[in-house]
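Geometric and topological summary
One-letter residues, chain by chain:
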Amino acid sequence: MTSPARHDLDQLLAAWAQPRRLPDAEAERIRQAIVPVVPTLEATWWSEFNSKISTAIARATATPVPALAALQ
Amino acid sequence: MTTSRDDATVFTRLFDQHRHAVHAYFLGRVADPELARDLVQETFLRAWRRLPEVGPLPDERQRAWIFTVARNLAIDSYRAGAARQAAEAALRRDAATLETTVAGPHAHAELGERLAQLDAAIRDLPEEQRVILSMATAGGLTSRQIGQALGEPAGTVRYRLSQARKQLAAALDLEDGA
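Note that the coordinates shown come from a computational prediction; the quantities given were computed from them, not determined experimentally. (Residues numbered from 1 in each chain as written. Chains lettered and ligands numbered in written order. Predicted model: local features only at pLDDT ≥ 70, side-chain atom pairs only at ≥ 80, totals over all residues.)

Considering the overall build of chain A
Put simply, the rule is: Strands are runs of DSSP state E lasting at least 2 residues, helices are runs of H or I lasting at least 4, and numbering of each runs from the N terminus. Using C-beta atoms placed from the backbone, we call a residue buried if 20 or more other C-beta atoms fall within 10 Å of its own, exposed if 12 or fewer do, and partly exposed for counts in between.
Per the secondary structure count, chain A includes four helices and zero strands. Helices and strands appear in chain A in the N-to-C order α-α-α-α. The proportion of buried residues among the 72 residues of chain A is 8%.

Topic: the overall build of chain B
Rule in force here: Residues are scored as being in contact if the C-beta atoms we place from backbone atoms lie within 7 Å.
What chain B contains, in helices and strands, is nine helices and zero strands. Its helices and strands taken in sequence order, chain B reads α-α-α-α-α-α-α-α-α from the N to the C terminus. If you take every contact in chain B between residues at least 6 apart in sequence, the share linking residues at least 24 apart comes to 65%.

Brief notes about the interface of chain B and chain A
Quite often, the size of an interface is put as the accessible area lost when its parts meet. Convention followed: Throughout this entry, Asp, Glu, Lys and Arg are counted as charged residues, while Ala, Val, Leu, Ile, Met, Phe, Trp, Tyr, Cys and Pro are counted as nonpolar. The remaining residues, Gly among them, count as polar.
Counting from both sides, the interface comprises 32 residues of chain B and, opposite them, 24 residues of chain A. If you tally residues by element for the side of chain B that touches chain A, the top one is helix 1 (residues 5-30) of chain B, at nine residues. Taken together, the residues of the side of chain B that touches chain A break down into 15 nonpolar, nine polar and eight charged.

Okay, here's the thing in structure tokens:
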């Protein structure tokens, strides 16, 4: 087994550098502090939007009840 | 600035591409990890604000732009005295920190001791060598990439890296294989 004392310079430098790298969690904290949250849309938003439009059109174009009564 | 998902995607790519290098640069300049992180955040905040200009650049020119900002921030930080004070504070607490975070169990005590020697030797390097060494080891950059970032020829970077390695090898009584 190789003694730690015999680690060559490259190995020692790699061991020195490893804990000094920016941790992913810290990087993500920094990124989130910079980039405002972008609102995301639900996957069903388009079908829900279409449904609401269809309902609104149907209501707007339906014959009013008093008009139906007058016709009878 | 109106944020879109495209902006966030472009920024995230830029951030992931350069964050390790920028962090390693500041570690080499200011020694103190907390100050280095603050300076990383400020550097990328400026990149975010100029994203329409920086985002479309190719990697090499993006790196040059980002490191121009980073160099200016490091200079401002030194002028404000923050970096100097932080570096001195980091030096003062260095021995104790290394003892607890690196040495650990008895089996690793010898490696921990060697790393403490290496860290002290790195701190004794001239700043220009320390920054390059940090970018090469902690940042994982090639000499060419470091040269692009610092505005130096790759040959100069290689020479300084070689000088740094010789000084470290001498300090640790090692053979430098470089």
